[in-house]
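# A look at the structure
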Amino acid sequence: MKRNYKKAFFIFMDNQFIFKYSWKTTPKKWVHKMERSEHGNRSDTNTDYPFQLLCFLKLHTYTRVQVSIDICGVDHPSRKRRFEVVHNLLSTRYNSRIRVQTSADEVTRISPVVSPFPSAGRWEREVWDMSGVSSINHPDLRRISTDYGFEGHPLRKDLPLSGYVEVRYDDPEKRVVSEPIEMTQEFRYFDSASPWEQRSDG
Amino acid sequence: MTVPATRKDLMIVNMGPHHPSMHGVLRLIVTLDGEDVINCEPVLGYLHRGMEKIAENRTIIQYLPYVTRWDYLATMFTEAITVNGPEQLGNIQVPKRASYIRAIMLELSRIASHLLWLGPFMADIGAQTPFFYIFRERELIYDLFEAVTGMRMMHNYFRIGGVAADLPHGWIDKCLDFCNYFLTVVAEYQKLITRNPIFLERVEGVGIIGGEEVINWGLSGPMLRASGIQWDLRKVDHYECYDEFDWEVQWQKEGDSLARYLVRINEMKESIKIIQQALEGIPGGPYENLEVRRFDRTKDSEWNDFEYRFISKKPSPTFELSKQELYVRVEAPKGELGIFLIGDQSIFPWRWKIRPPGFINLQILPQLVKRMKLADIMTILGSIDIIMGEVDR
């Protein structure tokens, strides 16, 4: 029964449908910009609204975006609200994907989307750990990928690629210690952009 | 919290980062009441290598050796997705032959990954023998890969616009021989395992996930298909040349560990079918779209034309990523592997977010092991098929 439904809908709905439909039906204060490109559709929203918008997208019959594929944080240091949190979503019923983006700065907190999408729990922890954008009332906000005593948020552009501390096992103390990093070689930057004509279109 | 049945306090056991089986460095903090599991908390991050930050400082061609280290058992998929991203950003066409070669390599890699899932899964359950048998087949696949790419495991084979080198002479026949041999071997595994009463006792009815829950939690891959949802990105996304082959999506209804096992075994057989069709239908032609890095582009010259000029020695392939965002995905053997790529108008990407299937599939573990016995944790963990290289990146 459920499977017949899916096959029928694959025929008429296409990738643009969710996009256009949600633009027409959501309240304008939730979505303030929508952009469509051949590489995916995105909609921009404010930091207070991801929860409402995602609940709408998940539960509404014609959008049914039930899978949260990915949440990531992007750092654009040149902008005033430097972080952008991107939720990538998928609707298995209509075979469409949509991206919802929010801008935040270092101290803004985003509404968590854990209750409609339980899989977002870990993603939001990772966004917190890597970029420093936290969620209000998140059930379990701790670091997930970095070391136990790590300070800083690695995916911000101001943390250098080699980091600030290095770890080594210290024999007198019989444990692993962290020390400031010692660079024996300077950072190798391979600017392999060719002096010839580049292929840059698309 | 329910009243503990056996004792007054609960015991907290640490199944530490080092494991005898091949899951990788995953730490499970398990709260036990006698043999029943009350709660289980996975702790990740032991293999975090900063792959995403490294990607922001490397060109695509420099980054390709890194990507095979995410999922080190199904390496072609990570390479395929690294290369698919820029290809879609730049609208680069991949020649037909390269597409077929890629499909063959991806399916071989899928078989290799499922084999190396099967071995440790059975070893966790207690059957040691399949662990050695799978390496026999995996060595054959390694030999095939080595003949083409030069490396057994961490091939640096895919390039933007195709593959790095063509198939050597005689490889197709060897691969067909392998396919025929492999079908007999899969039959052997099925005879050994599938109706084995001890196996069925351990696996049937363990770790059941319903269809609705699977979608809620965002699972993908064999876990999704074992719970009754026929969602396979190869069919849905129509990527590479999978549409030209005649194959079916393998799925089961029950959603327990046995169903996941059956889905993976059937997927291996289906992959052999795809490889056989691809090998028989492989077209001739170029194996790489050298258009991507040719010099002196006059606007109208055609691919096979005599006026078309490119330097025969391959120059340093630099590819500028345009200022767009893109989410590209592929059906890896573990699930949906995705890259969210934000290009800057430069050779380094601005943000390279890896969406590993294992990271998401692992989230359901605490929920599945509640009220199970301690021994079932390893069964369920094995049937989820995670690999820490991609979970932690």
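As the structure is a computational prediction, the values presented were derived from the model and not from experiment.

## Focus: the overall build of chain B
Within chain B, the regular secondary structure consists of 15 helices and eight strands. For chain B, restricting intrachain contacts to residue pairs at least 6 apart in sequence, the fraction spanning at least 24 positions comes to 68%. For chain B, the exposed surface amounts to about 14900 Å²; the carbon and sulfur share of it is 54%.

## Re the packing of aromatic side chains
This structure, assessed with the given rule, holds 14 aromatic pairs over all chains. Ring geometry for Tyr63(B) versus Trp352(B): centroids 5.4 Å apart, planes at 75°, classification edge-to-face. With Tyr63(B) in helix α2 (residues 60–67) and Trp352(B) in strand β8 (residues 349–355), this residue pair connects regions lying 289 residues apart in the sequence. Accessibility classification places Tyr63(B) together with Trp352(B) in one group, the buried group. Look at Tyr157(B) and Phe158(B): their rings are 6.0 Å apart centre to centre, the planes differ by 65°, and that puts the pair in the edge-to-face class. On the basis of relative accessible area, Phe158(B) is assigned to the buried category, the value being 0%. Pairwise contacts between aromatic rings join Tyr63(B), Tyr66(B), Trp70(B) and Trp352(B) into one cluster. When the ring centre of Phe359(B) is taken as origin, the NZ or CZ atom of Arg122(A), which lies over that ring, is 5.7 Å away. A cation over an aromatic ring shows up here: Arg136(B) above the ring of Tyr133(B), its NZ or CZ 5.0 Å from the ring centre.

## As for the layout of surface pockets
Computed from the structure, the second largest pocket encloses a volume of approximately 1100 Å³. Those elements giving two or more residues to the lining of the second largest pocket turn out to be α4 (120–131), β6 (165–170) and β7 (175–180) of chain A together with β3 (36–43) and α1 (51–55) of chain B. Broken down by class, the residue content of the lining of the second largest pocket amounts to 18 nonpolar, nine polar and ten charged.

## Topic: the packing of α2(B) against helix α3 (residues 75–90) of chain B
Residues and elements named next belong to chain B. Two elements in contact, α2 and α3, have axes separated by 9 Å at closest approach and are oriented at 155°. One element, α2, and the other, α3, form an angle in the roughly antiparallel class. Regarding α2 and α3, the two cross each other, and that crossing is right-handed. For the pair α2 and α3, contact is made by Ile60, Tyr63, Leu64 and Val67 and by Thr78, Glu79, Thr82, Val83 and Pro86, respectively.

## Let's talk about the pairing of β8(B)
Residues in a regular strand point their side chains to alternate faces of the sheet. Residues and elements named next belong to chain B. In terms of burial, β8 is a largely internal element, six of the seven residues being buried. As paired strands, strand β7 (residues 335–343) and β8 are joined by six bridges and run antiparallel to one another. Counted as the bridge partner of Ile339 is Ile354 from β8. Linkage of β7 to β8, two consecutive antiparallel strands, is achieved through a turn of five residues.

## Digging into the side chain of Asn84(B)
Looking at the secondary structure, you find Asn84(B) in helix α3. In this view, Asn84(B) contacts Arg102(B), Glu240(B) and Val328(B); residues no more than four positions away in its chain are not counted.

## Observations concerning the pattern of salt bridges
Under the definition given, this model contains 25 salt bridges over all chains. Ionic pairing is found between Arg79(A) and Glu84(A), a salt bridge with its closest N-O pair at 2.5 Å. By relative accessible area, Arg79(A) is classed as partly exposed at 40%. For Lys334(B), the salt bridge is made with Asp71(B), and the minimal N-O distance between the two is 3.6 Å. Linking Lys334(B) in the loop between β6 (325–332) and β7 with Asp71(B) in the loop between α2 and α3, this pair joins segments that are 263 residues apart in sequence. Since its relative accessible area comes to 2%, Asp71(B) is described here as buried. Members of the salt-bridge network, linked through shared partners, are Glu107(B), Arg110(B), Arg225(B), Asp232(B), Arg234(B), Glu267(B) and Glu331(B).

What counts, and at which threshold
Residues numbered from 1 in each chain as written. Chains lettered and ligands numbered in written order. Predicted model: local features only at pLDDT ≥ 70, side-chain atom pairs only at ≥ 80, totals over all residues. Heavy atoms only, no water. Helix = DSSP H or I, 4+ residues; strand = E, 2+ residues; numbered from the N terminus. Contact = heavy atoms within 4.5 Å. Areas by Shrake-Rupley, 256 points an atom, 1.4 Å probe, with all protein chains shown as cover. Phe/Tyr/Trp six-rings, centres within 6.5 Å; stacked < 30°, edge-to-face > 60°. Buried < 20%, exposed > 50% of the residue type's maximum accessible area, 1.4 Å probe, protein only. Lys NZ or Arg CZ within 6 Å of the ring centre and 35° of its normal. 1 Å grid on protein atoms, 1.4 Å probe; cavity = no way out; pocket = protein on both sides within 12 Å on 5 of 7 lines; lining within 4 Å. Points joined across faces, edges and corners; volume = space filled by probe spheres on them. Nonpolar A, V, L, I, M, F, W, Y, C, P; charged D, E, K, R; others polar. Axes fitted to C-alpha atoms, helices over the stretch in contact; angles between N-to-C directions. Parallel < 35°, antiparallel > 145°, perpendicular 65-115°, else oblique. Left-handed = near helix turned anticlockwise from the far one by under 90°. Pairing = 2+ DSSP bridges. Salt bridge = Lys/Arg side-chain N within 4 Å of Asp/Glu carboxyl O.

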